[in-house]
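Structural characterization, general
Each chain, letter by letter, is given below.
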Amino acid sequence: MAEDLVLETWDLQCERNGREHRTAEMGCQQLVVRRGQPFTITLHFSGRGYEEGVDKLAFNVETGPCPIETSGTKFHFAVTDFPEESGWSAVIQQQDGGSLSVSLCSPPSACVGRYSLTLETSTGYEGSSCHIGHFVLLFNAWHPEDTVFLRDEDERREYVLSQEGLIYQGSSTYITSTPWNFGQFEDDILSICLNLLDTNPKFLRDQNQDCSRRNDPVYIGRVVSAMVNCNDEDRGVLAGRWDNQYEDGMSPMAWIGSVDILKRWKNFGCQPVKYGQCWVFAAVACTVMRCLGIPSRVVTNYNSAHDTNGNLVIDRYLSETGEEERRSKDMIWNFHCWVESWMARPDLGAYDGWQVLDPTPQEKSEGVFCCGPAPVQAVKEGDLQLKYDIPFIFAEVNADVVYWVVRPDGSEKKSIHSSVVGKNISTKSVGRDSREDITHTYKYPEGSEKEREVFEKAEHEKSSLREEDEGLHLKIKLSEGANNGCDFDVFAVINNNSDTERACRLRLCARTASYNGTVGPQCGMKDLLNVTLEPWAEKSVPLRILYEKYGESLTQDNLIKVVALLTEHQTDDVIVAIRDVYIQNPEIKIRILGEPMQQRKLVAEISLVNPLAAPLLNCTFVVEGAGLTDGQQIKELEEPVEPQAEAKFRLDFVPRLSGLHKLMVDFESDKLRGVKGYRNVIIAPQPK
């Protein structure tokens, strides 16, 4: 009888498998593989080698705290000659004396998560088992049978592998971009993302059921959407705040990446990190989804409606001086960010592709603050009854806005106002630092027959914009860029497109504002009682906005809301025009000194000129970049920065990874906050 087969050592080949599974950047200390794709391990036996026909080899894989075969969280499979199509399989690749290479493969529908791996050996009646380690299984966008399969390689690189990106902010008339370090392959982020799944209330309620559903990106997306906010007392990652009172945490503007947020959440025992707003929630969710292998991107919707009563009409009330009256719960946000993740929807029978996930806590869905996944195609087609939360997202991009002017006696006059909700829906382009407009994926062209059909299906009467028939047109224009620290002009431009002379009253009011629609103190006002417009004439009325008036109350969103009301004396009709002016921050300049090469010291020279008439105090630069810096680098300047002087410092760093990377910078001070800059750096590989 043959002597027992004794396993001496083994090698999970973390580095080789990491390269082949595109997970090498997660480090070579752990085995991280993608489902449906084979990975190789090597077994070394002492005494004698493996003999086919004499020895039997089998593996056990288990995930979750209570693995059960019927739940798909535990599998036992023997080494065979050919891979098993539908389940786990193990096939001998090659034998060299006492060494045996075995190729293991999960089905493309396996549950993702951390697994334990055990080898069972038996010779005749004798058998033994040996635990040979752990591995993490991720979704696989490269496998045609995985529900997150994405056909285009450039898109897979952007939406799964890219660790940095741009998030769009500002206003629909002045779109800005801010750099973001997603950092999904940075140290510890994978284990934090898996911990997030194990902290979610569904797991704590029923561990077996939760783990058994982790094969489904729809389920994972819903869990992540709920866990990124903390509104359900569920130990979520981020606390939201929108009132400009951030002293007991970090201002939402100050973040430049998800890594610091996720690490703080872990280090503080899963207590919510203070504070986030929509783009921070979306960016952190994007990091978690990319880390788990689900293609994801951050999307910005401009003039985003928050329709609380579901009637697809946003009512706003203004006084005759353009001030906000009676706060309606319905809001128009300058912009709103959410995540799109790519997945099949077998639960709907169709609607595969991009799905909206919105982790910003706004409304409850099935009793929990989360939103989605909602198929973008279903939003476009007005299929509001499908899962999940499509009516809310449909309203965000399609609601009508009605402005009511409230008279001193309390009576209300409906104004004429053309406001388009859901404009310039934006995301970063694939492989380039430019903006891709994806509005057409959410809605048919304004005024088209197809748009009318969708609104009928959604039982929503789209109001026809009456402005064209009225003869009087009103819009607000900006002279040139509005720079922080400077005075600038806005203009109310009135057109009389009729044969008759019109006599009107024009009121112009400017107030500082936040991106979620709330307004602050007035910083400019003009009231002209008699404006006469000749037939077919145009008149331009300027309003000067002074820094001394807006500087103190400018929020970190850098927005000024300008409202114009034009009342025609004869008819008493009121036309409203509104424009959000974005106040531009100074540019952060970044110079790279030295030859950019992997594992070789580089120097970044970072500077910014103070554009204000007063000195800047408490100046801090924060720098980070996946693969470039070792975490966040923080530099506090000891001296104030005088007007027109330069805030400047030099940072030494040693790039860890080769390829194209972004060095990202945030600047904070007492008067200038949330100033962002970045520089693309191409790092040459270390010479062999």
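Structure's up top.
Residues numbered from 1 in each chain as written. Predicted model: local features only at pLDDT ≥ 70, side-chain atom pairs only at ≥ 80, totals over all residues. Heavy atoms only, no water.

The tally for this structure, following the rule as stated, stands at 24 aromatic pairs. Between W279 and Y515, the ring centres sit 5.5 Å apart and the planes meet at 70 degrees, which makes this aromatic pair edge-to-face. In this pair, W279 sits in helix α8 (residues 278-291) while Y515 sits in the loop between β25 (502-513) and β26 (519-533), placing the two residues 236 residues apart along the sequence. W279 gets classed as buried once you look at its relative accessible area, which sits at 3%. Judged by its relative accessible area of 0%, Y515 falls in the buried class. Put simply, the rings of F39, F59, F75, F77, W88, Y115 and F135 pair up and form one aromatic cluster. (Phe/Tyr/Trp six-rings, centres within 6.5 Å; stacked < 30°, edge-to-face > 60°. Helix = DSSP H or I, 4+ residues; strand = E, 2+ residues; numbered from the N terminus. Buried < 20%, exposed > 50% of the residue type's maximum accessible area, 1.4 Å probe, protein only.)

The next point concerns the sheet that holds strand β15 (residues 313-319). Spatially, three strands are ordered β15-β19-β20 in an open sheet, and the strand pairing comes out mixed. Of all strands in the sheet, those with a lone pairing partner are β15 and β20 (412-414), marking the two edges. Neighbouring strand axes in the sheet, compared pairwise and without regard to direction, differ in orientation by 30 degrees on average. Relative to strand β19 (residues 400-406), β15 runs parallel, the two sharing seven bridges. Looking across to β19, one finds that S319 is bridged to V406. (Pairing = 2+ DSSP bridges. Axes fitted to C-alpha atoms, helices over the stretch in contact; angles between N-to-C directions.)

Further remarks concern the pattern of salt bridges. Tallied over the full model, the rule gives 41 salt bridges. Its salt-bridge partner being E158, residue K428 comes within 3.0 Å of it at the nearest N-O pair. Of the two residues, K428 sits in strand β21 (residues 423-428) while E158 sits in helix α2 (residues 153-161), which places them 270 residues apart along the sequence. Two residues, D188 and K266, come together in a salt bridge whose shortest N-O distance is 2.8 Å. Within this pair, whereas D188 is found in the loop between β11 (174-181) and α3 (189-199), its partner K266 is found in helix α7 (residues 259-267), the two being separated by 78 residues in sequence. In this structure, a network of salt bridges that share partners links the residues R241, D243, D248 and K274. (Salt bridge = Lys/Arg side-chain N within 4 Å of Asp/Glu carboxyl O.)

This part is about the packing of α3 against α7. Interaxial distance between α3 and α7 falls to 10 Å at its minimum, and their mutual angle equals 55 degrees. When the axes of α3 and α7 are compared, the pair comes out oblique. When you trace α3 past α7, the crossing you get is left-handed. The residues of α7 that touch α3, namely those facing I189, I192, N195, L196 and T199, are V259, L262, K263, W265 and K266. Taken together, the residues of the contact of α3 with α7 break down into six nonpolar, two polar and two charged. (Parallel < 35°, antiparallel > 145°, perpendicular 65-115°, else oblique. Left-handed = near helix turned anticlockwise from the far one by under 90°. Contact = heavy atoms within 4.5 Å. Nonpolar A, V, L, I, M, F, W, Y, C, P; charged D, E, K, R; others polar.)

Among the nonpolar cores identified, the biggest contains 94 residues, and W180, I220, V224, L238, I261, W279 and Y442 are the most heavily contacted of them. When residues of this core are assigned to their parent elements, the largest contribution, twelve residues, is made by α8. Once residues lying within four places of it in the same chain are set aside, the contact partners of W279 are I167, Q169, W180, P252, M253, F335, C337, Y515 and D557. Counting residues in hydrophobic clusters, the runner-up holds 56 residues, among them I476, Y550, L628 and F649. (Core = buried A, V, L, I, M, F, W, Y, C linked by side-chain atoms within 4.5 Å.)

Time to look at the sheet that holds β21. Spatially, the six strands line up as an open sheet ordered β18-β17-β16-β14-β21-β22, and their pairing is antiparallel. A single partner strand is all that each edge strand has here, and the edge strands are β18 (374-375) and β22 (435-437). Bridging between strand β14 (residues 296-306) and strand β16 (residues 331-343) involves ten bridges; their strand directions are antiparallel. Looking at β16, one finds that N301 is bridged to H336. Of the strands in this sheet, β14, β16 and β17 (353-357) touch α8, which is tilted by about 5 degrees from β16.

The next subject is unusual backbone geometry. Cis geometry marks the peptide bond from G372 to P373, where omega comes out at 0 degrees. Following the sequence through the fold, P373 ends up in the loop between β17 and β18. A cis amide bond links K387 with the next residue in sequence, Y388, at an omega value of 0 degrees. With respect to the secondary-structure elements, Y388 resides in the loop between α9 (376-381) and α10 (390-398). Despite not being glycine, D572 has its phi angle at roughly 65 degrees, a positive value. A positive phi angle, close to 60 degrees, is found at Q599, a residue other than glycine.

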